[in-house]
There are 2 protein chains.
Amino acid sequence: MEVPPCTKCGSPSIIFQRYSGLHLCKKHFIEDVERKVKRRIRKKRMIEQGDKIAIALSGGKDSSALLILFKKIIKMRKDVELVAISVDEGIAEYRPKTLEKAKSLADKLNVPHIIRSFEDVYGNSLDELVEKAEKRYGWMRGCSLCGVLRKRLLNNISREIGATKLAVGHNLDDEAQTILMNYLRGDVERLLRLSPRKEREEFIPRIKPLVEVPEKEVALYSLLHGVEIEHEECPYASESYRFDVRDFLNYFEMGHPGTKYSLLRGYEKLIDMIGVMDTLPKEFFELSSCVRCGEPTSGKMCKVCEFLEKLGT
Amino acid sequence: MEVPPCTKCGSPSIIFQRYSGLHLCKKHFIEDVERKVKRRIRKKRMIEQGDKIAIALSGGKDSSALLILFKKIIKMRKDVELVAISVDEGIAEYRPKTLEKAKSLADKLNVPHIIRSFEDVYGNSLDELVEKAEKRYGWMRGCSLCGVLRKRLLNNISREIGATKLAVGHNLDDEAQTILMNYLRGDVERLLRLSPRKEREEFIPRIKPLVEVPEKEVALYSLLHGVEIEHEECPYASESYRFDVRDFLNYFEMGHPGTKYSLLRGYEKLIDMIGVMDTLPKEFFELSSCVRCGEPTSGKMCKVCEFLEKLGT
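Throughout, residues of each chain are indexed from 1 in the direction in which the sequence is written. In the order they appear in the text, chains get letters beginning with A and ligands get numbers beginning with 1. Local features in a predicted model are, by the rule used here, given only for residues with pLDDT of at least 70; side-chain atom pairs are given and counted only at 80 or more, and totals for whole chains, interfaces and linings are based on all residues. By convention in this description, side-chain values take in all heavy atoms of the structure and omit both hydrogens and water.

Asks: Got a minute to help me understand unusual backbone geometry in this structure?
Replies: The bulk of non-glycine residues show a negative phi, and the bulk of peptide bonds are trans. All names here are of chain A. At Asn110, a residue that is not glycine, the phi angle is positive and equals roughly 65°. Every helix listed is a DSSP run of H or I at least four residues long, and every strand listed is a run of E at least two residues long, numbered separately from the N terminus. Topologically, Asn110 is positioned in the loop between α3 (95-109) and β5 (113-117). A simple rule labels every residue: compare its accessible area, found with a 1.4 Å probe on the protein chains alone, to the largest value its type can have, and call it buried under 20%, exposed over 50%, or partly exposed in between. Note on Asn110: relative accessible area 66%, which makes it exposed.

Asks: Honestly, the sheet that holds strand β5 (residues 113-117) of chain B in this entry has me stumped. Any pointers?
Replies: Paired through backbone hydrogen bonds, the strands of a sheet run either parallel or antiparallel to each other. Residue and element names in this part refer to chain B. For two strands to be treated as a pair, DSSP must find at least two bridges joining them. Taken in spatial order, the five strands of this open sheet run β5-β4-β3-β6-β7, and their pairing is parallel. Each of the sheet's edge strands pairs with one partner strand only, and the pair in question is β5 and β7 (206-207). Any two residues whose heavy atoms approach within 4.5 Å at even a single point are treated as in contact. A fitted line through C-alpha atoms represents every axis, and for helices the fit uses only the stretch in contact; the resulting angles, taken between N-to-C directions, go from 0 to 180 degrees. The strands that helix α2 (residues 61-74) touches are β3 (52-56), β4 (81-88), β6 (165-167) and β7; relative to β3, the one it contacts most, it runs at about 155°.

Asks: What's the story with the relation of the copies chain B and chain A in this structure? I'm lost.
Replies: A least-squares superposition brings the copies together, and it is based on the C-alpha atoms of residues with pLDDT no lower than 70 in both. Mapping chain B onto chain A calls for a screw motion: a turn of 180° about the axis and a shift of 0.0 Å along it, with 0.0 Å RMSD after fitting. Here the transformation between the copies is reduced to the relation of a two-fold axis. Closest to the rotation axis within chain B is the C-alpha of Ile274 of chain B, separated from it by 2.5 Å.

Asks: Can you walk me through the pairing of strand β3 (residues 52-56) of chain A in this structure?
Replies: Here is the key point about a regular strand: its side chains alternate between the two faces of the sheet. Residue and element names in this part refer to chain A. Across the five residues that make up β3, a large majority, five, are buried. Across the two faces of β3 the burial is the same, with Lys52, Ala54 and Ala56 and Ile53 and Ile55 all buried. In this structure, β3 lies alongside strand β4 (residues 81-88), joined through five bridges in parallel fashion. Bridging from a neighbouring strand, Lys52 pairs with Glu81 of β4. The definition of a right-handed crossover adopted here requires that, viewed with the strands pointing away, the path from the first strand over the helix to the second runs clockwise. Tracing the backbone out of β3, into helix α2 (residues 61-74) and back to the parallel element β4 gives a crossover that is right-handed. Examined bridge by bridge, β3 and strand β6 (residues 165-167) share three bridges and lie parallel to one another. Looking at the pairing, Ile53 lines up with Lys165 of β6.

Asks: Quick question: what am I supposed to make of the domain arrangement of chain A here?
Replies: When the parts of a complex come together, some accessible area is lost, and that lost area is often taken as the interface size. Residue and element names in this part refer to chain A. These domain boundaries are the output of an automatic or database domain assignment. Domain assignment breaks chain A into domain 1 (1-43) and domain 2 (44-310). Using C-alpha coordinates to define each centre, domain 1 is positioned 27 Å away from domain 2. Every contact between the two is made by 19 residues of domain 1 and, on the other side, 28 residues of domain 2. For the pair domain 1 and domain 2, the summed buried area comes to about 2,100 Å², and 65% of that belongs to carbon and sulfur atoms. Per-residue buried area on domain 1 facing domain 2 is highest for Tyr19, Arg40 and Ile41; these three make up 35% of the total on that side. A pair is scored as a salt bridge if a Lys or Arg side-chain nitrogen falls within 4 Å of a carboxyl oxygen belonging to Asp or Glu. Where domain 1 packs against domain 2, one counts six salt bridges. Arg39 is the partner of Glu212 in a salt bridge, and the nearest nitrogen-oxygen pair spans 2.5 Å. Here a polar contact is recorded for every N or O atom pair within 3.5 Å, except that within protein the pair must consist of a potential hydrogen donor and a potential acceptor, and residues adjacent in sequence are included only if both atoms are side-chain atoms. For the pair domain 1 and domain 2, the number of links is 15 residue pairs in polar contact (both at pLDDT 80 or more). At the level of secondary structure, the elements contributing two or more residues to the side of domain 1 that touches domain 2 comprise β1 (15-17) and α1 (26-43). Element by element, the count of residues in the side of domain 1 that touches domain 2 is highest for α1, at 14 residues. Buried area is a sum: the accessible area each of two parts loses on coming together, probed at 1.4 Å, counted once for each and added.

Asks: Hey, could you run me through the sheet that holds strand β7 (residues 206-207) of chain A in this one?
Replies: All names here are of chain A. Across the sheet, which stays open at both edges, the five strands sit in the order β5-β4-β3-β6-β7 with parallel pairing between neighbours. The outermost strands of the open sheet, each flanked by one partner alone, are β5 and β7. Packing against the sheet, α2 makes contact with β3, β4, β6 and β7, and its axis sits at approximately 155° to β3. Lying over the sheet, helix α6 (residues 142-160) contacts β3, β4, β5, β6 and β7, oriented at roughly 145° with respect to β4.

What follows is the structure, given as structure tokens:
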């Protein structure tokens, strides 16, 4: 079968975007991804003068693309600083390989790189924490535990190094899934927190520059920039709810191309209408300090300490 | 296999509600449905003193349940009047049977019943309109055409007879599907119009008392009240988008019982936060008059006239 020509220049295409109807060659595909990311950065005013941006670099396809993109975009700006930060959760067999990739990418791109581990900060690796949980409670979702601990750690490293932003590699699929999950659960609080109007001062503002790029395209972008795609899934990945939603969205996107985009756009319009900070009661954004670690929390004890205390750590 | 006992009284159950964990016997199931409908009517202040309520009665399971329920609920109130209204769209083979059922139910319940046909009002039956469309354009979605024409007619009959409310039989499944469809399409306007804060004066306010009752339960409620369930589907039913969404929601509800409810609740919370009428530009609710028929419309010509003119009717 012949390869269809690039809609823009006629050379052989490497991808067909069902949602746009475009066939794109390597050059025009890369341009298209970068255009989407730059547009998003501009629209959401993600980069400001004097910013020090921490890039959460797991070493997977999304965060690798993020670092490559930022390096390209920032290149011309002397007033913006980049630092890559990685968390070593401590997952035998799985994590060391991707962490190695993170290291070599940061080296290659000449970006300072900080690695911190669960072991150092929480006294135990994820493997150990999950083992403890299994002994005590027979079962624990490693994926939720890891998410909470990693998110905290990324925030705190960013704060320590004086970063003004924390960039994460969420792609269109991730974001669309999260939005749909919260719609289905009727979890309005989480829907609002996904894009708070005014960031809480205690937290380094998170930015998501890849949110308009579909997962497949992020993967292809990484691949075209020499990133080896890791096909092995994390052994703790087990968010069945998210997987169900993901499968549905992928199936639906086939029959109705552009659904992930329209879902995201509609969500953003709704959030704009609500105007979050202006209409919500103060308590919604006001936080107290965790009785155990002092970090901001909406309850008495933060989620991180709740987990750790449950596990006697 | 033994029938599990009713969770409330121990007699044999006839239904298991996965979302509530309850097994219910006939008596307690009927009580449960009526409680949900009464609660909804109260919460949304659907019935006010002196109301004349038009019930859209197609003769199917939903609208039949609606009429039965209203007759029961209104029974004690001398200050509220009921009128059933049916539209004969003109669909050979399919419509006469259900229309016959509508007639005999209204008779049996002793509720005045008005039938008006597309033929009378638009000069053509739906069958004829679709045939014209097929000759002119090769194709037309009968289902969309029918929806627009029927909705208009129900409104206008209600207005003519001085009804203060128009009750429709949408159940939880219908509503959850519509909400999810609009989320996926990012159609914020339709999401807001689903539950306008202040009704437009030109339209008889539509109320949806069954919206907290799952489709299956509405069907069972009808069946238990002697309504024969029609299994034949309308020959024009072809909303593939809605069907995809329906299948997903049904599948998801199996794995995550209560999803249809949480979707509805979350939607209602969001809408409450937006406060529709207060934040939206006036143009959103301000209407002009259709140049052809004088009915309110947001454009120059209303949807009904657009369709009819396209078909040269």
